[in-house]
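# Structural overview for review
So the chains spell out like this:
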Amino acid sequence: MTSIATQLGDDGETSLVGGQRVSKGALRVESYGTVDELNAALGFARSICGDEAIGAATLAIQRELFQVAAALATPAGARKGQAPVTQAMVDGLTAQVHALEAVSGLLSDWSVPGGDPAGAFYDLARTVCRRAERCVVRLGEEEELAPHVLAYLNRLSDLLWLFGRKLEVEAKAQAALRELNDKPGPRWSRAW
């Protein structure tokens, strides 16, 4: 029987797609590792989410994140080409963002995470997504990136924020920042 404990990483190195050995501390490894962390966070969020549509959308995103991680784990010029992260994947996320933006009450104010357990976990997943995006930006400053990876992560973080808001609205959670702070002023800023 084959074991997952190959012991090949005991010296602090791992193999990228194509066989190149690199430090487990390499930025490329941190980038796809953070995408893996995001996938796990989304798995937990999905497991406690009572909204069937958001749950199904999340599962589809989790499947796509395997493609994103594979693209990041494959350096340019590797024998096996980079997994495609397509414009259609980005467009799919964008369509979901636009659909949720049209839901009444979602864009009414800043939100303090924690008004709903599932919504709070989507907020946490969003912050992991933003961290993955920052890692990938740094990687792209040093090495060639697969097309559409950055756009995918950027759009995904927007969508995860909206998932959290929708779950809060459905739960009738009081999470609006202005109301919680009892402060007047503009209720929403696109500069976020």
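Residues numbered from 1 in each chain as written. Predicted model: local features only at pLDDT ≥ 70, side-chain atom pairs only at ≥ 80, totals over all residues. Heavy atoms only, no water.

The next point concerns the overall build of the protein. Counting its secondary structure elements, the protein contains six helices and two strands. Counting from the amino terminus, helix and strand elements in the protein follow one another as β-β-α-α-α-α-α-α. Taking all 192 residues of the protein together, 40% fall into the buried category. Contacts in the protein between residues at least 24 apart in sequence constitute 73% of all its contacts with a sequence separation of at least 6. When the accessible surface of the protein is totalled, it reaches about 10200 Å², and 55% of it is carbon and sulfur. (Helix = DSSP H or I, 4+ residues; strand = E, 2+ residues; numbered from the N terminus. Buried < 20%, exposed > 50% of the residue type's maximum accessible area, 1.4 Å probe, protein only. Contact = heavy atoms within 4.5 Å. Areas by Shrake-Rupley, 256 points an atom, 1.4 Å probe, with all protein chains shown as cover.)

With 15 residues, helix H3 (residues 87–101) ought to run about 21 Å at 1.5 Å a step, and its terminal C-alpha atoms sit 21 Å apart, in line with that. Turning to H3, its buried residues number three or more, namely Met89, Val90, Leu93, Thr94, Val97 and Leu100. Within H3, the buried residues cover an arc of 140 degrees as seen down the axis, which keeps them to one side. Projecting away from the buried face of H3 at angles above 90 degrees are the exposed residues Ala88 and His98. (Expected span 1.5 Å × (residues − 1). Arc of directions from axis to C-beta.)

Confidence in the prediction of the protein, expressed as mean pLDDT, is 83, and 74% of residues score 70 or more. Predicted confidence is poor over residues 185–192, with pLDDT under 50, and the contacts of this stretch with residues over four places away or in other chains come to 19 contacts. (pLDDT = per-residue confidence, 0-100.)

By the secondary structure assignment, threonine 58 is in helix H2 (residues 52–73). Overall, the relative accessible area of 1% leaves threonine 58 in the buried class. At a separation of 2.7 Å, a polar atom in the side chain of threonine 58 contacts the side chain of tyrosine 122. (Polar contact = N/O pair within 3.5 Å; in protein donor to acceptor, adjacent residues only side chain to side chain.)

Quick look at the packing of helix H1 (residues 27–48) against helix H4 (residues 117–142) now. Their axes nearest at 9 Å, the elements H1 and H4 cross at an angle of 165 degrees. Of the possible angle classes, the one that applies to H1 and H4 is roughly antiparallel. By crossing handedness, the relation of H1 to H4 is classed as left-handed. Its residues assigned to classes, the contact of H1 with H4 comprises 19 nonpolar, two polar and seven charged. (Axes fitted to C-alpha atoms, helices over the stretch in contact; angles between N-to-C directions. Parallel < 35°, antiparallel > 145°, perpendicular 65-115°, else oblique. Left-handed = near helix turned anticlockwise from the far one by under 90°. Nonpolar A, V, L, I, M, F, W, Y, C, P; charged D, E, K, R; others polar.)

The subject of this paragraph is the packing of aromatic side chains. Counting across every chain of the model gives two aromatic pairs. Pairing phenylalanine 44 with phenylalanine 121 gives two aromatic rings, centres 4.5 Å apart and planes at 55 degrees, and the pair type is tilted. Here the residue phenylalanine 44 occupies a position in helix H1, and phenylalanine 121 occupies one in helix H4, the gap between them amounting to 77 residues. Owing to a relative accessible area of 41%, phenylalanine 44 belongs among the partly exposed residues under this scheme. We classify phenylalanine 121 as partly exposed; its relative accessible area is 23%. A ring pair is formed by tyrosine 122 and phenylalanine 163, whose centres lie 5.5 Å apart and whose planes are at 85 degrees; its orientation type is edge-to-face. Residue tyrosine 122 is located in helix H4, and its partner phenylalanine 163 is located in helix H5 (residues 149–170); the two are separated by 41 residues in the primary sequence. In this pair, the class of tyrosine 122 matches that of phenylalanine 163, namely buried. Above the plane of the ring of tryptophan 161 lies arginine 165, whose end atom (NZ or CZ) is 5.0 Å from the centre. (Phe/Tyr/Trp six-rings, centres within 6.5 Å; stacked < 30°, edge-to-face > 60°. Lys NZ or Arg CZ within 6 Å of the ring centre and 35° of its normal.)

Moving on: the environment of tyrosine 152. With respect to the helices, strands and loops of the structure, tyrosine 152 is situated in helix H5. Overall, tyrosine 152 belongs to the buried group, its relative accessible area being 0%. Along the backbone, tyrosine 152 and glutamine 87 are 65 residues apart, and their C-alpha atoms lie at a distance of 8.3 Å. With sequence-adjacent residues up to four places away left out, tyrosine 152 is seen in contact with Ile61, Glu64, Leu65, Val68, Val85, Met89, Val90 and Leu93.

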